[in-house]
Amino acid sequence: MADMINVVYKNANEPIEARVKDLLSRMTIKEKLGQMTQIERSVATPAAIRDLCIGSVLSGGGSKPFDNATSADWADMVDGLQKGAIDSRLGIPIFYGSDAVHGNNNVYGTTIFPHNVGLGATRDPDLVERIGAATALETRASGVQYAFAPCIAVCKDPRWGRCYESYGEDTQLVRKMTSLVTGLQGKPPQDHPYGYPYVAGRNNVMASAKHYVGDGGTDKGKNEGNTIIDYENLEKIHMLPYQDCISKGVCTVMASYSSWNGTKLHSHHWEALDRFHSPHGSNYRSAVLSAVNAGIDMVMVPFRYELFLEDLSYLVESGEISMSRIDDAVERILRVKFAAKLFEYPMSDRSLLDIVGCKQHRELAREAVRKSLVLLKNGKDPRKPFLPLNKNAKKILVAGKHADDLGYQCGGWTATWEGTSGRITIGTTILDAVKEAIGNNNTEVVYEENPTTESLSGQDFSYAIVAVGEAPYVESGGDNSDLTIPFNGEELLKLVASESGIPTLAILISGRPLVLEASVVEALDGLVAGWLPGSEGNGITDVIFGDYEFHGKLPVSWFKSVDQLPMDPQQNSYDPLFPIGYGLKCKN
């Protein structure tokens, strides 16, 4: 190994391009193909990474070392795998990728921020950038250097199961929120070349603009469906946010599962190669050929990596994939690794562990919750506003499954892939927050998840806070053609507000607009779109009790019935229940 001393690629003072060229010239075909391969944590071993020169490891949705693993546990795992990479012939470090899409949400005890639809309602790019910076710190603390974020889909149909991962239905709004890239990666200097990857340092992570392109515009909102649109409108509606991310030095772009006018957008997304053909996983070699020749540099395999490498090797040896295409891909992968300073700092920075879930980050998340809330109704009579609520009321009813369920409050991509119910991490539910806001007043707070006519009769409540909404979901599991409120949400609102006659504030916890029957809206005294606020429920009580004014504006149109979907504010037929941009304040 004497020839490896003083080599260009190992010298941090050499220009990145010189280091890339030098390292590429030293690599065997096997090492190059390994760099193009991203494998799942559950099949990754230090030996496999070392022997095959694997380029990247990821956690698929919710994949973790073990349940309730902390950031330190994650760092142990990532560092163990990284040692395998460093021990390889050339010592090329891996980067580890995770779906840190609203905070470092796979990891127990982290700060969980509102999902993107709520951030879109804030209309605050500076807030989103600060969230990106906090997410980067908490993600880096776990040893992970790469976040699969932001999703910059322009969601044209709330029936889509990933609606909440979009900042909204308006391209210009989504473009503003690409500030998350700057938060995650850091701000490039003024003279930074356009389109060149940028990571400021060890406190930042590589970002991924996803899912290229048009995934939010599929027919009837079907996940992985078909976006039927001409090129001019594809560019104008769906592509512009990608240009903004590229101008900010985004390190990677993740291609989409979906199709454009019937043609698959070949993807390095989760097992996308297996989805090219029917049945699932068939014609695998053909899929590898299509994806790599279409321009995919690194393939999220994630499990069948030996088969992938075997097929990729065959395709290179047969000339069906040229060496120039392989070198093109590996050059870009190495460029990102040098830009992210992985060769200098391959291991996790344990000094960051104390910042995970810290007060400052939770306050930031609380600010985001406050600013995301959209007030849709305030009083049956506009001259007599219902909000803010009186903290000194004699007796308050808090009701609904979503009032005391942290998992439902956080939604999908939290603790597990699909999300789940209960105390899944450290945080504050709406009920916790109400009790905290009331404090030591003589107010009685009564919580009933599913009240009945009998349990409510004769109680003499001053008012009710009823939280209803969706259970967590992800991707195709969230596709929904009827969009009614689950768990008999409307019946619960009618029971409390109409049948029992209790003045009622409804808080809708959802990733998208849901059907609100006119009779239900009329019966309510107040209505708030709470979206999927994450771990800091205090942000809700900050606003409903009047410590802060409502700020949020709808990032999407709120339909009257699903028959109107998809809605377009530019059409004469546009007749929403609440238009995009709608949002009341307590003090008009």
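As the structure is a prediction and not an experimental result, all values here were calculated from the model.

With that out of the way, let us pick up the UniProt feature "domain: Glycoside hydrolase family 3 C-terminal" (unreviewed entry) in the protein chain. The positions that UniProt labels "domain: Glycoside hydrolase family 3 C-terminal" (unreviewed entry) are, in the present scheme, residues 373-585. The distance separating the terminal C-alpha atoms of residues 373-585 is 11 Å; by composition the span is 20% helix and 15% strand.

On to the sheet that holds strand S16 (residues 526-529), then. Strands belonging to one sheet form pairs held by backbone hydrogen bonds; the direction of such a pair is parallel or antiparallel. As summarised here, the arrangement of the 6 strands in space is S11-S16-S15-S14-S12-S13, forming an open sheet in which the pairing is mixed. Each edge of the open sheet carries a strand with a single partner, namely strand S11 (374-378) and strand S13 (444-448). The sheet shows a mean angle of 15° between the axes of neighbouring strands, taken without regard to direction. Where helix H15 (residues 430-438) meets the sheet, its contacts fall on strand S12 (395-399), S13, strand S14 (463-469) and strand S15 (504-509), and the angle it forms with S13 comes to roughly 175°.

Running from N to C, helix H10 (residues 284-294) and helix H11 (residues 305-317) point in directions that differ by 65°, and their axes come no closer than 9 Å. Relative to H11, H10 is oriented roughly perpendicular. For the element pair H10 and H11, the recorded crossing hand is right-handed. When H10 is examined against H11, the residues Tyr 284, Arg 285, Val 288, Leu 289 and Val 292 are found in contact with a partner set consisting of Leu 307, Phe 308, Asp 311, Leu 312, Tyr 314 and Leu 315.

Of all hydrophobic cores here, the largest spans 107 residues; its most connected members are Leu 387 and Ile 544. Ignoring sequence-local partners within four residues, the contact set of Ile 544 consists of Leu 387, Pro 388, Leu 389, Ile 465, Leu 505, Ile 507 and Phe 550. Among the nonpolar cores identified, the runner-up in size contains 62 residues, and Val 20, Ala 69, Leu 81 and Leu 90 belong to it.

As a further point, take the UniProt feature "domain: Glycoside hydrolase family 3 N-terminal" (unreviewed entry) in the protein chain. Here, UniProt's "domain: Glycoside hydrolase family 3 N-terminal" (unreviewed entry) annotation points to residues 28-270 and 283-336. Along residues 283-336 the backbone is 70% helical and 4% strand, and the end-to-end C-alpha distance reaches 31 Å.

What the rule picks out here adds up to 13 aromatic pairs. Ring centres of Tyr 9 and Phe 343 lie 6.1 Å apart, and the angle between their planes is 75°; on these two criteria the pair is classed as edge-to-face. Within this pair, whereas Tyr 9 is found in the segment before helix H1 (16-26), its partner Phe 343 is found in the loop between helix H12 (323-339) and helix H13 (359-372), the two being separated by 334 residues in sequence. The exposure class assigned to Tyr 9 is buried, which follows from its relative accessible area of 0%. Accessibility expressed as a relative area gives 17% for Phe 343, which makes it buried. Taking the centre distance of 6.5 Å and the plane angle of 80° together, the rings of Trp 74 and Tyr 96 count as edge-to-face. Within this pair, whereas Trp 74 is found in helix H4 (residues 71-86), its partner Tyr 96 is found in strand S3 (residues 95-98), the two being separated by 22 residues in sequence. Overall, Trp 74 belongs to the buried group, its relative accessible area being 0%. Taking relative accessible area as the criterion, Tyr 96 reaches 0% and is therefore assigned buried. Through pairs of rings, three or more aromatic residues link up here, namely Tyr 9, Phe 338 and Phe 343. Positioned above the aromatic ring of Trp 413 is the side chain of Lys 210, whose terminal nitrogen or guanidinium carbon lies 6.0 Å from the ring centre.

Right, let's get into the sheet that holds strand S2 (residues 56-58). One open sheet holds the 5 strands; their spatial order is S4-S3-S2-S1-S10, and the pairing between them is parallel. A single partner strand is all that each edge strand has here, and the edge strands are strand S4 (146-147) and strand S10 (299-300). Pairing between strand S1 (residues 37-40) and S2: 3 bridges, direction parallel. Among the inter-strand pairings, Gln 38 is bridged to a residue of S2, identified as Ser 56.

So, about the side chain of Asp 215. Here Asp 215 lies in the loop between strand S5 (208-212) and strand S6 (226-227). Polar contacts involving the side chain of Asp 215 include one to the side chain of His 211, which spans 2.8 Å. Contacts of Asp 215, omitting those with residues within four sequence positions, involve Ala 153, Trp 160, Ser 256 and Ser 258.

Moving on, we get to the side chain of Thr 139. With respect to the helices, strands and loops of the structure, Thr 139 is situated in helix H6 (residues 125-141). On the basis of relative accessible area, Thr 139 is assigned to the buried category, the value being 0%. In this view, Thr 139 contacts Ala 100, Asn 104, Val 144 and Val 205; residues no more than four positions away in its chain are not counted.

Relative to the helices and strands, Tyr 473 resides in the loop between S14 and helix H17 (489-499). A relative accessible area of 9% means that Tyr 473 is categorised as buried. When the C-alpha positions of Tyr 473 and Val 128 are compared, they lie 23 Å apart, and in sequence the two are 345 residues distant. Residue contacts for Tyr 473: discarding those within four places in its chain leaves Gly 161, Tyr 164, Gly 412, Glu 418, Gly 478, Gly 511 and Arg 512. A polar contact is formed between the side chain of Tyr 473 and the side chain of Glu 470, at a distance of 2.8 Å.

Before going further, it helps to examine the pattern of salt bridges. If you walk through the whole model with that rule in mind, you get 36 salt bridges. Residues Arg 130 and Asp 126 are paired through a salt bridge, measuring 3.1 Å at the closest nitrogen-oxygen approach. Residue Arg 130 and its partner Asp 126 are located together in helix H6, separated by 4 residues, close to a single helical turn. Residue Asp 126 is classed as partly exposed on the basis of its relative accessible area, which comes to 45%. Between Glu 367 and Arg 130 there is a salt bridge, with the nearest N and O atoms lying 2.9 Å from each other. In this pair, Glu 367 is assigned in helix H13 and Arg 130 in helix H6, connecting sequence segments 237 residues apart. Arg 130 gets classed as partly exposed once you look at its relative accessible area, which sits at 31%. Salt bridges sharing partners connect three or more residues here, namely Asp 124, Asp 126, Arg 130, Glu 367 and Lys 371.

Residues Gly 526 and Val 528 of S16 are buried on one face, and the alternating residues Leu 527 and Ala 529, pointing to the opposite face, are buried as well. Alignment of S15 against S16, held across 4 bridges, turns out to be parallel. Within S16, the residue paired with Leu 505 across the bridge is Gly 526. Once the chain exits S15 it traverses helix H18 (residues 518-523) before rejoining the sheet at S16, and the crossover so formed is right-handed.

Note the cis peptide between Lys 210 and His 211, where omega equals -5°. Turning to its location among the elements, His 211 is positioned in strand S5. A positive phi is found at Glu 224, a non-glycine position, where the angle reads about 60°. Relative to the helices and strands, Glu 224 resides in the loop between S5 and S6. Positive phi values are uncommon outside glycine, yet Leu 483 reaches one of about 55°. Positionally, Leu 483 belongs in the loop between S14 and H17.

Reading the values: the criteria
- Residues numbered from 1 in each chain as written.
- Predicted model: local features only at pLDDT ≥ 70, side-chain atom pairs only at ≥ 80, totals over all residues.
- Heavy atoms only, no water.
- UniProt positions renumbered as here; feature names shortened; annotations may be inferred.
- Helix = DSSP H or I, 4+ residues; strand = E, 2+ residues; numbered from the N terminus.
- Pairing = 2+ DSSP bridges.
- Axes fitted to C-alpha atoms, helices over the stretch in contact; angles between N-to-C directions.
- Contact = heavy atoms within 4.5 Å.
- Parallel < 35°, antiparallel > 145°, perpendicular 65-115°, else oblique.
- Left-handed = near helix turned anticlockwise from the far one by under 90°.
- Core = buried A, V, L, I, M, F, W, Y, C linked by side-chain atoms within 4.5 Å.
- Buried < 20%, exposed > 50% of the residue type's maximum accessible area, 1.4 Å probe, protein only.
- Phe/Tyr/Trp six-rings, centres within 6.5 Å; stacked < 30°, edge-to-face > 60°.
- Lys NZ or Arg CZ within 6 Å of the ring centre and 35° of its normal.
- Polar contact = N/O pair within 3.5 Å; in protein donor to acceptor, adjacent residues only side chain to side chain.
- Salt bridge = Lys/Arg side-chain N within 4 Å of Asp/Glu carboxyl O.
- Right-handed = clockwise from strand over helix to strand, strands pointing away.

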